[in-house]
Amino acid sequence: MKKIIKSEELYKYLEESVKLIGDAVKTTIGPSGSNVIINDASLSPFITNDGVTIANAVDSDDLVISAILSIIKEASLKTNNNVGDGTTTTICLLESIFLNGLEVIKKGYDPIKLKNELQKVIDNVVLMLDDLTINTTDEHLKLLASISANDEEIGNLITEFYLSLKKCKNIKIMENTKDNKDTTEIMPGYFIDTSLASPYFLKNKQSITINNPNLVIFDTPVIDMDVLDNYINDSLNKNECLFVLADSYSDTVINEALALNYEKENIILLNNYEYGVKKFSIIDDLISLLNTNNNYGKLEKIIIDNNTTTFIQSKSSKIMERIEKLKEEIKNEEKEYELEILKDRLSKLENNYGIIYVGGNTSIERRERKMRFEDALNALYSADDGVLLGGGIPLLYIGNSLSINNEANNIISKSLLTPFKQILINNGEKVENILKYIKNNNYNVVYNVKKKVFENKTNTTVIDSKNVLKEALINANSIASLLLTTTHLIINEQNKTINNSINDFNEF
């Protein structure tokens, strides 16, 4: 059975959905933002103020609202995927753009015309942000990291570590289950996204570190154990662990490999996620780590968890040759996407790999602090193109600079106020008094919510990443505009009926 929602009924559902996710997320913005407890059926309850985590957790038993929520979440996920931060700002802006736009449409304004006008205004706002941008300094990085983590100690620790690695983006954050201290470790390493051929290779552990393992690499699936016999025998005779990297494995190979791991890790099978040219390029990188002319050799260390495998090896002539080759390829590459891949591979071969172990008294505390470290690290990664004044001031300034000559300008002008306003509301401040003071000083002052004082814009500790604000604006407007131009929503309730029938049958 299909259910079709349209007109006023659809508007009510859209409004309810936007407010539902907005209310849950926007209370976390700013240094005084609140925490949220999330109870997931697959995990233990935990506490967080991470916007994207909260947004993902918001759901509804109502199929219509659940469908709309999935669309709204796309905005926050896009921002998080691109710059790793700004989820809460995205939701704040999206909610305001949509609700203000909906009021205009209800009065008879053409939705398509409004969508096009909104896009033009957002394009203009993004250009205006460029004009307000300040070049990033090391001190800015510390401030950004501290603000994102809402913790100065975390911000300083992670920034110093990031700078010590020459701004290399090869940093992994893990929980420290040994004690409650935050520690860092630097080692040479090349890591890739992988998956275990079977979760049983981890033996209920979160990760495994193997010293002096052997690695054999294939560019095809492994379907017959005979292919591995020589490598297995060589490793077993030397009492060493063998890692295998291949596209995939047959069930027979997986089961026989698991049988060899009865007492200890003798062989571990890894699936290579990559395909095409990138797959073969990464294989060549890994072979250079082995410092041999074939696909089999020894490494100093391999660290593995469910998602990532890190290969540790000291510099060798083969690695240096590979580095020089990649540098030449970077010089000649013109495609932006390919260039990013080349730079990523070069950084993994050329720079040290860093691990930050996050401590805490309990697993819940460690998980919450780990999210803060991740937010801080993402803020550092996103700061390459410069910084802006924080506290919502750039958006506030631009919003008040817009000429209110059409509905789109009016909507965006109102919406650009929302992050600034919500930060103050979360801190229990009187918005109008602070807003008036900032306007009277021609936006040359910033209100430091944490210290409850005004600071001159040339000497403030309240800053934000330009890339984060740009992504938040673009993605918020994109999803809000799509919702505003939606006239019908079709829900197929057949699956729900079938599932209910199965449950009834099982109970019977």
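See the structure above.
**Q** Just give me the short version of the overall build of the protein chain, but keep the residues and values in it.
**A** A count of helical and extended segments in the protein chain gives 19 helices and 19 strands. Over its C-alpha trace the protein chain gives a radius of gyration of 26 Å, about what one expects of a compact globule, namely 23 Å for 508 residues. Sequence separation of at least 24 residues holds for 76% of the intrachain contacts in the protein chain that already meet a minimum separation of 6. Carbon and sulfur atoms provide 47% of the accessible area of the protein chain, an area that totals close to 25100 Å². Charged side chains in the protein chain number 55 positive and 72 negative. The centres of these two groups are separated by 5 Å.

**Q** Any details on the packing of aromatic side chains? Residues and values, ideally.
**A** If you walk through the whole model with that rule in mind, you get six aromatic pairs. Here the aromatic rings of phenylalanine 218 and tyrosine 231 are separated by 6.2 Å at their centres, their planes lie at 80 degrees, and the arrangement is edge-to-face. Taken as a pair, phenylalanine 218 in the loop between strand S8 (214-217) and helix H8 (229-237) and tyrosine 231 in helix H8 lie far apart in primary sequence, 13 residues in all. Here phenylalanine 218 matches tyrosine 231 in class, with each residue buried. Seen in terms of ring centroids, tyrosine 437 and phenylalanine 454 are 4.2 Å apart; in terms of plane orientation they differ by 35 degrees. Their pairing is tilted. Here tyrosine 437 is found in helix H17 (residues 431-440), whereas its partner phenylalanine 454 is found in strand S17 (residues 453-456), with 17 residues between them in sequence. The exposure class assigned to tyrosine 437 is partly exposed, which follows from its relative accessible area of 39%. Phenylalanine 454 gets classed as partly exposed once you look at its relative accessible area, which sits at 33%. A connected cluster of aromatic rings, assembled from ring pairs, spans Phe218, Tyr231 and Tyr296. Above the ring of phenylalanine 280, the side-chain terminus of lysine 279 is found at 4.8 Å from the ring centroid. We note lysine 348 situated over the ring of phenylalanine 191; from NZ or CZ to the ring centre the distance is 4.7 Å.

**Q** Go over the pairing of S17 with me, naming the residues and quoting the values.
**A** Judged from the four bridges that link them, strand S16 (residues 445-448) and S17 form a sheet pairing that is antiparallel. Bridge pairing in S17 links tyrosine 447 to phenylalanine 454. Taking the residues between adjacent antiparallel strands as the criterion, S16 and S17 are bridged by four residues, where lysine 452 takes a positive phi near 60 degrees.

**Q** Account for helix H9 (residues 251-259), with residues named and values stated.
**A** The set of residues buried in H9 consists of Val253, Ile254 and Ala257. One face of H9 carries all of its buried residues, which in axial projection span an arc of 100 degrees. More than 90 degrees from the buried face of H9, the exposed residues found are Asp251, Asn255 and Ala259. Residues of H9 that are buried make contact with strand S10 (267-272).

**Q** With reference to specific residues and values, describe the nonpolar core.
**A** Residues Ile412 and Leu416 are the most contacted members of the largest nonpolar core, which totals 53 residues. With sequence-adjacent residues up to four places away left out, isoleucine 412 is seen in contact with Ile97, Leu118, Val121, Ile122, Val125, Leu402 and Asn477. Membership of the second largest hydrophobic core comes to 50 residues, among which are Leu196, Tyr231, Ile267 and Leu346.

**Q** Would you mind going over the side chain of asparagine 427 in detail, with residue names and values included?
**A** Among the structural elements, asparagine 427 can be located in the loop between helix H16 (418-426) and H17. When its relative accessible area of 14% is taken as the criterion, asparagine 427 is described as buried. Not counting chain neighbours up to four residues away, the residues in contact with asparagine 427 comprise Ser32, Val449 and Lys452.

**Q** Got a sec to walk through the pairing of strand S9 (residues 242-246)? Specific residues and values, please.
**A** Two faces belong to every sheet, and in a regular strand the side chains alternate between them. Burial analysis of S9 places five of its five residues in the buried class, the great majority of the element. A two-sided burial pattern is seen for S9, the buried positions comprising Leu242, Val244 and Ala246 on one face and Phe243 and Leu245 on the other. Two elements, S8 and S9, share four bridges in a ladder whose sense is parallel. Residue pairing for S9: valine 216 is matched across the bridge by valine 244. Taken together, S8, H8 and S9 constitute a β-α-β crossover, and its handedness is right-handed. Between S9 and its parallel partner S10, the chain crosses via H9, and the hand of that crossover is right-handed.

**Q** Residues and numbers for unusual backbone geometry, please.
**A** A positive phi angle is found at lysine 167, which is not glycine, with a value near 60 degrees. Mapped onto the elements of the fold, lysine 167 is located in the loop between helix H7 (152-164) and strand S4 (171-175). Since its relative accessible area comes to 41%, lysine 167 is described here as partly exposed.

**Q** Account for the environment of aspartate 40, with residues named and values stated.
**A** As for its position among the elements, aspartate 40 is in the loop between strand S2 (36-38) and strand S3 (46-48). Look at aspartate 40 and you get partly exposed, because its relative accessible area is 33%. Between the C-alpha atoms of aspartate 40 and alanine 57, which are 17 residues apart in sequence, the distance is 7.8 Å.

**Q** So what's going on with a nonpolar patch on the surface? Which residues, and what values?
**A** A contiguous nonpolar patch, built from Ile37, Ile47 and Ile364 and spanning about 270 Å² of accessible area, is present on the exposed surface. Residue placement: isoleucine 37 occurs in strand S2. Given a relative accessible area of 63%, isoleucine 37 falls into the exposed group.

**Q** Outline the sheet that holds strand S7 (residues 207-211), supporting the account with residue identities and numerical values.
**A** The strand order across the open sheet built from eight strands is S7-S12-S13-S6-S10-S9-S8-S11, with neighbouring strands paired in mixed fashion. Of all the strands in the sheet, just S7 and strand S11 (296-298) have a single pairing partner and so form its edges. In this sheet, neighbouring strand axes are inclined to one another by 30 degrees on average, regardless of whether the strands run parallel or antiparallel. Docked against the sheet, helix H10 (residues 276-290) engages strand S6 (190-196), S8, S9, S10, S11 and strand S13 (308-312), running at close to 115 degrees with respect to S6.

Here is what the cut-offs are and how they apply
- Residues numbered from 1 in each chain as written.
- Predicted model: local features only at pLDDT ≥ 70, side-chain atom pairs only at ≥ 80, totals over all residues.
- Heavy atoms only, no water.
- Helix = DSSP H or I, 4+ residues; strand = E, 2+ residues; numbered from the N terminus.
- Rg over C-alpha atoms; globule rule 2.2 N^0.38 Å.
- Contact = heavy atoms within 4.5 Å.
- Areas by Shrake-Rupley, 256 points an atom, 1.4 Å probe, with all protein chains shown as cover.
- Lys, Arg positive; Asp, Glu negative; His and termini not counted.
- Charge placed at Lys NZ, Arg CZ, Asp CG, Glu CD.
- Phe/Tyr/Trp six-rings, centres within 6.5 Å; stacked < 30°, edge-to-face > 60°.
- Buried < 20%, exposed > 50% of the residue type's maximum accessible area, 1.4 Å probe, protein only.
- Lys NZ or Arg CZ within 6 Å of the ring centre and 35° of its normal.
- Pairing = 2+ DSSP bridges.
- Arc of directions from axis to C-beta.
- Core = buried A, V, L, I, M, F, W, Y, C linked by side-chain atoms within 4.5 Å.
- Right-handed = clockwise from strand over helix to strand, strands pointing away.
- Patch = residues over 30% accessible without salt bridge, like charges linked within 9 Å, V, L, I, M, F, W, Y side chains within 5 Å.
- Salt bridge = Lys/Arg side-chain N within 4 Å of Asp/Glu carboxyl O.
- Axes fitted to C-alpha atoms, helices over the stretch in contact; angles between N-to-C directions.

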